[in-house]
2 protein chains.
Amino acid sequence: MRLVIARCSVDYSGRLAAHLPPANRLLMVKADGCVAVHADGGAYKPLMWMTAPNRLVEREGSWVVTNPKGETLTIAVEEILSDTSWPLGADPGLEKDGVEAHLQALLAANCERIAAGLRLVRREYPTDVGPVDLLCRAPDGTTLAVEIKRRGEIDGVEQLSRYLDFLNRDPMLRPVRGVFVAQQVRPQARVLAADRGIRWLEVDYDELRGIESSEQRLF
Amino acid sequence: MRLVIARCSVDYSGRLAAHLPPANRLLMVKADGCVAVHADGGAYKPLMWMTAPNRLVEREGSWVVTNPKGETLTIAVEEILSDTSWPLGADPGLEKDGVEAHLQALLAANCERIAAGLRLVRREYPTDVGPVDLLCRAPDGTTLAVEIKRRGEIDGVEQLSRYLDFLNRDPMLRPVRGVFVAQQVRPQARVLAADRGIRWLEVDYDELRGIESSEQRLF
DNA sequence: GTGTATATCTCGGGG
DNA sequence: CCCCGAGGTATACAC
């Protein structure tokens, strides 16, 4: 990890063109070669960057970073205030809990939470346009396709619509209905779901996790 | 901009829960208060972070960052290898060229480029499922909904299809036809557009900009 | 490699 | 403030 504090101006040319006038900034060069130019504000996103793999050519007063796609990051270094390097070593890595995969697992184990009497047929049921999160059977014998999101937006409804199109071509499954499940379903997603005849449902992650742990306590 | 190189373990609790075992990392604290924990790899994204506004409480061997939403970032600092601060000042900011907004502005001002005699009714015309980029009137009185992308992919065609569905329910507008405009329209998007009765069109950004600047030269 | 789906997405604009 | 769409999205994973 190399950290350079410098007065510089920066230009990017590639998927778009962008320019930064001269100012003091942090230049971060990581062990994998990626370069980032940070200002003293603005969340974690750098003003400009170049991801690995790339090639950094450092000449007097000018760094040029190029990648195989032909994109170029040019840093005109006017004055270096500090230039330090720290070998950090490989990171042991991140452990996460509470992402969509976990929500899916909880709902798969408790799918009667989606509708009474629902039985799980399969998780990640494959179709030609991607896997359906949950495929379930209702007590009346009809099939339900369930799409799960943390935040239910319009894209998710489109995704479920595509699955339903393809599932309903299978005479063995037809008719298949859709349910859109999320911790929060946005207004436009509700409108589109209603319009497509898709039911939507908001679920509470903590409550689901609570059920799960109380059930485990029984065994 | 404060840069701390330290051996630390980190925990985040909020939208999800996450944990980092002890290792040497960079802790970056920006002037606006945002905190980021970087490893020596993995593009520009930090392993963990907390955006502004937040509150950083630094006690011996432990930093606790909390935000108004009740999220918490806890950094257990085991050993500090370096701790430096650099006042960078406000950044003059980024100038971008070639984003969708420019393309939309150029086409709004030159919509006869989309079809002869076209007249702009409104940019960002609202529907229940989102705003249409351009709504135009053709010489024959019919309405055109225009969706603009830098890269025309299948989801852009889906987006325009949704708008057309809803616009065509309005007796005052009906019938509304669609035009999908992009610098590059991908093969799959062409097929889908054709299937939906949507016309597609590739435009050259530099050429449009050229028209614009030559028009400006006239005044 | 291409395509698809996720993300503590971030960021900016509009109501 | 929330909602929504764009992004040089990045990133992981399946085919």
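Model, not experiment: these values are computed from the prediction. (Residues numbered from 1 in each chain as written. Chains lettered and ligands numbered in written order. Predicted model: local features only at pLDDT ≥ 70, side-chain atom pairs only at ≥ 80, totals over all residues. Heavy atoms only, no water.)

Residues and elements named next belong to chain B. The strand order across the open sheet formed by five strands is 9-10-11-12-13, and the pairing between neighbours is mixed. Whereas interior strands pair on both sides, the edge strands pair on one side only; in this sheet they are strand 9 (119–127) and strand 13 (199–202). On average, each strand axis in the sheet is tilted by 30° relative to the strand beside it, whichever way the strands run. Relative to strand 12 (residues 176–185), strand 11 (residues 143–152) runs parallel, the two being bridged by nine bridges. (Pairing = 2+ DSSP bridges. Helix = DSSP H or I, 4+ residues; strand = E, 2+ residues; numbered from the N terminus. Axes fitted to C-alpha atoms, helices over the stretch in contact; angles between N-to-C directions.)

Every one of the 21 residues lining DNA strand C counts as a neighbour, but Ala-43, Glu-100, Lys-149 and Arg-150 of chain A together with Trp-49 of chain B are closest to it. The sugar and phosphate moieties of DNA strand C supply 80% of its atoms located within 4 Å of the protein. At 3.5 Å from a phosphate oxygen of DNA strand C is found a side-chain nitrogen or oxygen belonging to Gln-159 of chain A. A distance of 3.4 Å is found between a base oxygen of DNA strand C and a side-chain nitrogen or oxygen belonging to Tyr-12 of chain B. Residue assignment for the surface near DNA strand C shows that the elements contributing at least two residues are strand 11 (143–152) and helix 2 (154–167) of chain A together with strand 4 (48–50) of chain B. Class assignment for the residues of the surface near DNA strand C results in 10 nonpolar, two polar and nine charged. (Near = heavy atom within 4 Å. Polar contact = N/O pair within 3.5 Å; in protein donor to acceptor, adjacent residues only side chain to side chain. Nonpolar A, V, L, I, M, F, W, Y, C, P; charged D, E, K, R; others polar.)

Under the definition given, this model contains two aromatic pairs over all chains. Ring plane angle 70° and centroid distance 4.7 Å describe the contact between Tyr-44 of chain A and Trp-49 of chain B, whose orientation is recorded as edge-to-face. Taken together, the residues span two chains, with Tyr-44 of chain A in the loop between strand 3 (35–38) and strand 4 (48–50) and Trp-49 of chain B in strand 4. Exposure remark for Trp-49 of chain B: the relative accessible area of 27% places this residue in the partly exposed category. (Phe/Tyr/Trp six-rings, centres within 6.5 Å; stacked < 30°, edge-to-face > 60°. Buried < 20%, exposed > 50% of the residue type's maximum accessible area, 1.4 Å probe, protein only.)

Moving on to the nonpolar core. Counting 37 residues, the largest nonpolar core has Ala-145 and Leu-167 of chain A together with Ala-145 and Leu-167 of chain B as its most contacted members. Mapped by element, the contributors of at least two residues to this core are strand 10 (130–137), helix 2, strand 12 (176–185) and helix 3 (187–195) of chain A together with strand 10 (130–137), helix 2 (154–167), strand 12 and helix 3 (187–195) of chain B. Discounting chain neighbours no more than four positions away, the residues touching Leu-167 of chain B are Tyr-125, Thr-127, Val-132, Leu-135, Ala-145, Leu-173 and Val-176 of chain B. (Core = buried A, V, L, I, M, F, W, Y, C linked by side-chain atoms within 4.5 Å. Contact = heavy atoms within 4.5 Å.)

Bringing the packing of helix 2 of chain B against helix 3 of chain B into the picture now. Residue and element names in this part refer to chain B. With their axes 8 Å apart at the nearest point, helix 2 and helix 3 run at an angle of 25° to one another. Judged by the inter-axis angle, helix 2 sits roughly parallel to helix 3. Residue-level inspection shows Ile-154, Val-157 and Glu-158 of helix 2 in contact with helix 3, the latter providing Gln-188, Ala-189, Leu-192 and Ala-193. Partitioned by chemical class, the residues of the contact of helix 2 with helix 3 number five nonpolar, one polar and one charged. (Parallel < 35°, antiparallel > 145°, perpendicular 65-115°, else oblique.)

For the rest of this paragraph, the subject is the interface of chain A and chain B. How large an interface is tends to be reported as the accessible area lost when its parts come together. If you look at the interface, chain A gives 57 residues, while chain B gives 56 residues. Summing the contributions of chain A and of chain B, the shared interface buries around 4900 Å²; its carbon and sulfur component is 61%. When the buried area of chain A at its contact with chain B is split by residue, Asp-40, Tyr-44 and Leu-88 of chain A rank highest and sum to 16% of it. Taken together, the links from chain A to chain B amount to four salt bridges. Between Arg-169 of chain B and Asp-195 of chain A there is a salt bridge; the shortest N-O distance is 2.7 Å. In this structure, the connection of chain A to chain B is made through 21 residue pairs in polar contact (both at pLDDT 80 or more). Only strand 1 (2–13), strand 2 (17–29), strand 3, strand 4, strand 7 (72–85), strand 8 (95–97), helix 2 and helix 3 of chain A provide two or more residues apiece to the side of chain A that touches chain B. Ranked by the residues each element gives to the side of chain A that touches chain B, the list is headed by strand 2 of chain A, at 12 residues. Across the side of chain A that touches chain B, the residue classes break down as 32 nonpolar, 11 polar and 14 charged. Relative to strand 2 (residues 17–29) of chain B, strand 8 of chain A runs antiparallel, the two being bridged by three bridges. Each residue of the ladder has a partner; that of Lys-96 of chain A, found in strand 2 of chain B, is Ala-18 of chain B. (Buried area = accessible area lost by both parts, 1.4 Å probe. Salt bridge = Lys/Arg side-chain N within 4 Å of Asp/Glu carboxyl O.)

The next subject is the protein's contact with DNA strand D. Taken together, 23 residues sit near DNA strand D, with Trp-49, Arg-186 and Gln-188 of chain A together with Ala-43 and Arg-150 of chain B positioned nearest. Here Arg-150 of chain B contributes a side-chain N or O atom positioned 2.6 Å from a phosphate oxygen of DNA strand D. Elements supplying a minimum of two residues to the surface near DNA strand D: strand 4 and helix 3 of chain A together with strand 10 and strand 11 of chain B. Looking at the surface near DNA strand D, its residues break down into 11 nonpolar, four polar and eight charged.

Attention shifts here to the relation of the copies chain A and chain B. Screw-axis analysis of chain A against chain B gives a translation of 0.1 Å along the axis, an RMSD of 2.1 Å, and a rotation angle of 172°. Here 86% of the interface residues in chain A have copies in chain B that are interface residues too; the copies meet face to matching face. (Least-squares fit on C-alpha atoms with pLDDT ≥ 70 in both.)

Segmentation of chain A into domains returns domain 1 (2–85) and domain 2 (100–217). Here the C-alpha centre of domain 2 of chain A lies 44 Å away from the C-alpha centre of domain 1 of chain A. (Domains from an automatic or database assignment.)

Before going further, it helps to spend a moment on the state of the cysteines. Scanning the model with the defined rule gives zero disulfides over all chains in all. A disulfide-free cysteine, Cys-8 of chain A has its sulfur positioned 17 Å from the sulfur of Cys-34 of chain A, the nearest such atom. Counting only cysteine sulfurs, Cys-111 of chain B is the nearest neighbor of Cys-136 of chain B, a cysteine outside any disulfide, at a range of 4.4 Å. (Disulfide = S-S within 2.5 Å.)

With that settled, the discussion passes to the pairing of strand 6 (residues 62–66) of chain B. Residue and element names in this part refer to chain B. Relative to strand 6, strand 5 (residues 55–59) runs antiparallel, the two sharing five bridges. Its bridge partner lying in strand 6, Arg-55 is registered against Thr-66. Following strand 5, the chain reverses through two residues before pairing antiparallel with strand 6; Gly-61 in that reversal takes a positive phi of roughly 75°. Of the pairings in the sheet, the one linking strand 6 to strand 7 (residues 72–85) comprises five bridges and is antiparallel in character. Bridged to Val-65 within strand 7 is Leu-73. Hairpin connection from strand 6 to strand 7: five residues lie between these consecutive antiparallel strands, with Gly-70 at a positive phi of about 90°.

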